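Residues per chain, in single letters:
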Amino acid sequence: MTPRVPAGAALALALVLAACTGDDGSPSPSPESRAATPPTTTTATSPIARESELARDACRTIDRDVLLRTWRGVRLDRSGDVQIIPIEPNFVSGGLTHATPFDYTQEVPVFLYGPGFVRPGTYDAPITLADVAPTTAALLKFPFVARDGVAQTQALFPDEERDLPRLVVTLIWDSGGTNVLERWPDSWPYLASLVPHGAWFTNATVGASPSNTPIGHATIGTGAFPVHHGFVDEYIRVNGFLQKPNANGPAFMLEPTLADLYDRAMRNRPKVAAVATLAAHVMMMSHGSQWGGADRDLAVTREKEFGETAGAESVQWNLTSGMAPFYELPSYVNDLPPLSRYVEEVDRADGALDGMWRGNSIEQLSNGFDTPARTPFQHALVERLVERERFGVDDVPDLLYVNYKAIDTIGHLFSADGIEMSDAVATQDAALERFVEFLDRTVGRGEWVMVLAADHGTQPDPETSGAFRIDVAKLETGLRDAFDDGDDVAVVERVRPSEIWLDRGELRENGHTLADVSQWLLELTQADTFKNQNVPDPGHENERVFAAALPSSILAALPCVRGSSS
Ligand SMILES: [Zn+2]
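Residues numbered from 1 in each chain as written. Predicted model: local features only at pLDDT ≥ 70, side-chain atom pairs only at ≥ 80, totals over all residues.

Draft legend 1. Representation of helix H11 (residues 258-265) within the structure. Within H11, 6 of the 8 residues are buried, leaving the element largely enclosed by the surrounding structure. If you check which residues of H11 are buried, you get Leu258, Ala259, Asp260, Leu261, Tyr262 and Asp263. Those residues of H11 that are buried are in contact with helix H6 (132-140), helix H9 (213-222), strand E11 (272-275) and strand E17 (398-404). With its phi angle positive at about 55°, Arg267 sits one or two positions after the end of H11. (Buried ≥ 20, exposed ≤ 12 C-beta atoms within 10 Å, placed from the backbone. Helix = DSSP H or I, 4+ residues; strand = E, 2+ residues; numbered from the N terminus. Contact = placed C-beta atoms within 7 Å.)

Draft legend 2. Structural detail: the nonpolar core. Counting residues in hydrophobic clusters, the biggest one holds 147 residues, and the most contacted among them are Val402, Ala453 and Leu558. Residue contributions to this core reach at least three from each of two domains, namely domain 1 (7-97 + 466-555) and domain 2 (103-458). (Core = buried A, V, L, I, M, F, W, Y, C linked by C-beta atoms within 7 Å. Domains from an automatic or database assignment.)

Draft legend 3. Summary view of the domain arrangement of the protein chain. You can read the domains of the protein chain as domain 1 (7-97 + 466-555) and domain 2 (103-458). Of note, the centres of domain 1 and domain 2, computed from C-alpha atoms alone, are 33 Å apart. On the side of domain 2, 22 residues touch domain 1, which itself brings 19 residues to the contact. At the level of elements, helix H4 (64-72), strand E20 (492-495) and strand E21 (499-502) are the ones that each hand at least two residues to the side of domain 1 that touches domain 2. At 3 residues, H4 tops the list of elements feeding residues into the side of domain 1 that touches domain 2. In terms of residue class, the side of domain 1 that touches domain 2 is made up of 5 nonpolar, 5 polar and 9 charged. (Nonpolar A, V, L, I, M, F, W, Y, C, P; charged D, E, K, R; others polar.)

Draft legend 4. Fine view of the sheet that holds E20. Read from one edge of the open sheet, 4 strands run E20-E21-E1-E22, paired in antiparallel fashion. Strands with a single pairing partner mark the edges of an open sheet, and in this sheet they are E20 and strand E22 (546-551). Averaged over neighbouring strand pairs, the angle between their axes works out to 15° when direction is ignored. Of the pairings in the sheet, the one linking E20 to E21 comprises 3 bridges and is antiparallel in character. Counted as the bridge partner of Val492 is Leu502 from E21. (Pairing = 2+ DSSP bridges. Axes fitted to C-alpha atoms, helices over the stretch in contact; angles between N-to-C directions.)

Draft legend 5. View of unusual backbone geometry. Looking along the chain, the bond that leaves Glu88 and enters Pro89 is cis, with omega of 5°. Checked against the element boundaries, Pro89 lands in the loop between strand E1 (82-86) and strand E2 (91-93). For the bond running from Ser209 to Pro210, omega is 0°, close enough to zero to count as cis. Along the chain, Pro210 falls in the loop between strand E8 (204-205) and H9. Positive phi outside glycine occurs at Lys141, with the angle close to 55°. Along the chain, Lys141 falls in the loop between H6 and strand E6 (167-173).

Next up, the structure:
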């Protein structure tokens, strides 16, 4: 299925087609020549001709994978009205975002471990996070047709040579993308020691842009991309309003997860649980009882209700009021040893109990919650839940979903390159070792399977990567200055790293089109958009910052993207 194409875009399609394939039908230029080709300034006057010119430039200048990921991440009813793609590795910056279409945040580890179930080896075929759910279904021998993913059965023993596992654990190292593991290769010795005994996928990506948490988790759970499951970003437009994806509990996710269908088909006999931080993480598990005929799966989060940012954590394990009716929060989750016990270990690591970790005040890091201490703290809860709820005890395969968020939090604070990240990864690796030993002890060796993955990578330090930071605030004020008419209706609804929501009626009333906005964005330079003290390097002031800016409807009609599997 392809996204619906509005009338305007359909009209433009013929023009776009001619533009994107090239008059002589020659293949697209190589990535090298693309990178060297700057976006052009359009001279066309009619809206359709200008949109087709924007589209042609995007097909000519942008790597096809980048456009494909962007397209898979767009739904015209929910996404921003204009898609923006910086010139790699630049990024639109409030903070250190990982929401990009580029390899450096899209490449993720996917590792299957399960003696007797998983065929050890290194697998080089390209896969995406949409393949996780159908692969898990294959382990369960459960018929499941994913919208976009494919079961990676080459990494499993044949059906007749393996029994059903008692437990399948899906374990997410949030933000622990390939770029993090490669940056700190000595910080995960235990995982490295497991690799020869499992299936390691060397060419796994998120597969859809922007690579952020709601997208990654919904894709893992459903085997579908945002174009189908509807979690297109940290915000989605529903009924004309921009809302958080889980503002209404699980209701806005449009596709069922594997666990939704499997649990119901098995008459809710399997135990199903998620231990995570945010409601969005739970969506890799299920809609809970909201999916007709299903029961309330166990779920534990720690999300601050109506938090300013997507990552705001509560002081207790909880469920948000939107999620609470559909899931069961176990009664004992807040009765575990306190975080302070684990914070002390982090504090002592440098030899002194002085309230500091790597030169940072622990108090200022949410009293230690934003340090690696939260990993063993959460892990104690995971083990308690597995024991108390008797996961993996009977013959009916159970499903456990766990998200660990320390790498993500520390990445936003210190980047992928901060020395703090090496501690975050090492602590995660130590928790993995404890977990494998625990599962071997309680469920039994050869009785369970683990899928370990990340939902996206982490932004490197711009000093290292050479990225130019495009100030999101300057984009917003610049757009207002250029396209608002000063009445009390704001034309700009929200600017995110990969897309911009506008009040399209107001834009039209002010005499502008989405092509005007796109063209304005394309012409922005480093001098127009630098963030804080990060002034452009001498000689770079007049360099453009965006490789593409496109009305979202045109993106859905790009022939250089269409024709590929969605
Ligand atoms: Zn994430």
